[in-house]
Amino acid sequence: MTQTKVTLRSIICHPLLSCAVVTPVAEAARRMAEMQCSSILVEDEGQFVGIWTERDALAIDLSTPGSGLAPISRSMSSPVKTIHIDTSLGDAALQFRRDNVRHFLVFDETGEPKGIVSQTDVVINQGVEYYIALRDVKSVFRRKLLILPGGMLASKAILEMGQGGFDAVVVAAPDGGQGIFTERDAVRLIGSGRSPVTIGELATFPLVTISQSSSLYQARKHFIEKNIRHLGVSDDAGELLGLISFTDILANIESEYIRELEEALKDRNERLELSSKHLRLAAKVFESTYEGIFVTNAEQIIESVNPAFSTITGYEAHQVIGRKPSILSSGRHDKAFFESMYKALARVGHWQGEIWNRRRDGELYAQWITVNAVKNDAGEVSNYVAVFSDITHRKVVEEKLNFLAQHDALTRLPNRVLLEDRLLRAISRARRSSKRLAVIFLDLVDFKKVNDSVGHHAGDLLLQIVAQKLSSCVRAEDTVARLGGDEFVVLLEEISTNLNISLVVEKILHSLSQPAMVDGRQVSVGSSIGIGLYPQDGQDAGDLIRNADAAMYRAKLQGVNTFCFHSEPGTV
């Protein structure tokens, strides 16, 4: 059975918003803003004689008194461009590009108007197959960029946009941030009648950006998920290069890809699972993307894969065709995870997320995957198309960055940020359970001499040894942190008496006083310790650490390898 191509009939959803030719521009704009429409039809004696769109709003000179009261007939576009309701999405995309418009009035076989279709509707409703052959953002984004100061009057900015052919401009805020002002904002302003007003007051902050090396598929995902129509494009250093819109995506789709992909959709249910024609067509369509792709039937049996699939997973096509995607399973996801995925596919027709899978050689890897259900004319699922990319390296980098953000790079111990977080949680638990906790502040004595005498490398090794000794002196549930230099903090939870704390501290003093071998040399350092107790020495993390620090300085005055309680000076 040949699959029928998707037409405009299945995606028409916009009502026919219309007004009379004498309607003031401001009134028409107000109605568009209320209905969240990007266009309004202009009617005269029962006939549609024109259309007024967000692009036409840029021709309104708001600095001229009474400009919003002018009849809409003066600035509308005429005649209205029309398209048949049974036009395929691919042909509609070509007609948008050929006629250089962004809206069509859709009519049926009887000539009755049925609604408005926009370029955005076409881009959103094209199936995944429509996009897998697209290039990266860098190849299509608009290099012409207009950046205006947030303090500029909106009336002046709108004139500049209209004269320069911009449907959106970047707005520079005084604090260095960037936002975006679009045609839709201009329509809202015209409809509101506000004046004067700056574009900084109307712009949306912050400007959502995407890397120029990202795929157009990823850009489309941002547009849909964030419900926006423009994205900033940045280089690898984060510098803004330009803007990309739905229009840019549509305008840069190669017609040959459209025809090939439509042909692939028509023939997919006819071709045999392992036929050479299927393999040639799949390779031709799929080879242009670096993302892995596999197609299954409704029973989730793999029918085809692209070359990138084999590159990422290690499985050749013949090794997976005829089998289920579970062949890639890592075992890290439970039954509930996949049940949630299947429910989403059944409910909304697509699912997107992160999955850990296993390559053929057994290596685990992380992938970002989008699965879309493809339905036939009867509304039944005929296929599933999955597009995925390997994000393992990115996750490893993210994990390293997250670790370094909360840990000391030298000793691998928690840093001040993580210590304070754990201390806040410990205080909360202690408050609920009426327990006590202790903050032990430790400073190495004569550490500078070690650095000066045997070198900084040896000093670093000594700090690592100290970190190991401290960790071995406390329980696994306790926290040992390095604040920097030769300062360390130990957090003890659920303690009962000062005697218990003293035993731990004496253990620490004894361990640290033992000589350590560093680069073949025996090195010794002393230490001074101060102790702050919750709740008597502080109710929050900052007070406890400061009071333990103060107690440590008192211990220093008593000599090397001594300790003091903050609330009980001299206690040993």
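Position labels on residues start from 1 in each chain and follow its written sequence. The predicted origin of the model limits local features to residues at a pLDDT of at least 70 and limits the giving and counting of side-chain atom pairs to 80 or more, whereas totals for whole chains, interfaces and linings rest on all residues. For side-chain calculations, the full set of non-hydrogen atoms in the structure is used, while hydrogens and water are omitted.

A. Seen up close, helix H21 (residues 541-558). Elements are defined by DSSP. Helices are runs of H or I of four residues or more, strands are runs of E of two residues or more, and each kind is numbered from the N terminus. Between the first and last residue of a helix there are one fewer steps than residues, each counted as 1.5 Å, and that sum is the expected span. Counted at 1.5 Å a residue, the expected span for H21 with its 18 residues is 26 Å, and the 26 Å between its end C-alpha atoms agrees. Buried within H21 we find Ala541, Leu544, Ile545, Asn547, Ala548, Ala551, Met552 and Ala555. Looking down the long axis of H21, one finds its buried residues gathered within 165 degrees of arc, a one-sided arrangement. Pointing more than 90 degrees away from the buried face of H21 are the exposed residues Arg546 and Leu557. Among the structural elements, helix H17 (416-433), strand S18 (436-445), strand S23 (526-534) and strand S24 (562-565) are those in contact with the buried residues of H21. Positive backbone phi, approximately 120 degrees, marks glycine 559, located one or two places after H21. Relative accessibility decides the category of a residue: with a 1.4 Å probe and only protein chains considered, values under 20% of the type maximum give buried, values over 50% give exposed, and everything between is partly exposed. Arc definition: it is the arc formed by the directions from the helix axis to the C-beta atoms. We call two residues contacting when some pair of their heavy atoms lies within 4.5 Å.

B. View of the sheet that holds strand S9 (residues 178-182). Strand order in this open sheet of three strands is S7-S8-S9, and the pairing throughout is mixed. With one partner strand each, in any of the chains shown, strand S7 (147-149) and S9 form the two edges of the open sheet. Recorded for the sheet is a direction-independent mean angle of 40 degrees between the axes of neighbouring strands. Here, any two strands with at least 2 DSSP bridges between them count as paired. When S7 meets strand S8 (residues 168-172), the two strands line up parallel, connected through three bridges. The partner of isoleucine 147 across the bridge, within S8, is valine 170. Structural elements are reduced to axes, namely lines fitted to C-alpha atoms, with helices fitted over the stretch in contact, and the angle between N-to-C directions of any two is expressed from 0 to 180 degrees. On the sheet, helix H6 (residues 154-164) packs against S7, S8 and S9 and is oriented at approximately 70 degrees with respect to S9.

C. Region of the structure containing the packing of aromatic side chains. Two rings from Phe, Tyr or Trp (for Trp, the six-membered ring) form a pair when their centres are within 6.5 Å of each other. A pair whose planes differ by under 30 degrees is stacked, one over 60 is edge-to-face, and the rest are tilted. Scanning all chains against the criterion turns up seven aromatic pairs. With centroids separated by 5.9 Å and ring planes inclined at 75 degrees, the aromatic side chains of phenylalanine 294 and phenylalanine 309 adopt a geometry described as edge-to-face. Linking phenylalanine 294 in strand S13 (residues 292-297) with phenylalanine 309 in helix H13 (residues 307-313), this pair joins segments that are 15 residues apart in sequence. Given the relative accessible area of 7%, phenylalanine 294 is considered buried. Judged by relative accessible area, which is 0%, phenylalanine 309 ranks as buried. Seen from their ring centres, phenylalanine 337 and tryptophan 351 are 5.9 Å apart, and the 80 degrees between their planes marks the pair as edge-to-face. One end of the pair, phenylalanine 337, is in helix H15 (residues 335-348); the other, tryptophan 351, is in strand S15 (residues 350-358), and 14 residues separate them in sequence. The exposure class assigned to tryptophan 351 is buried, which follows from its relative accessible area of 13%. Among the aromatic side chains, those forming a connected cluster through ring pairs are Phe294, Phe309 and Phe388. Two limits define a charge over a ring: the Lys NZ or Arg CZ must be within 6 Å of the ring centre, and within 35 degrees of the ring normal. A cation sits over an aromatic face here: arginine 332 above tryptophan 356, 4.3 Å from the ring centre.

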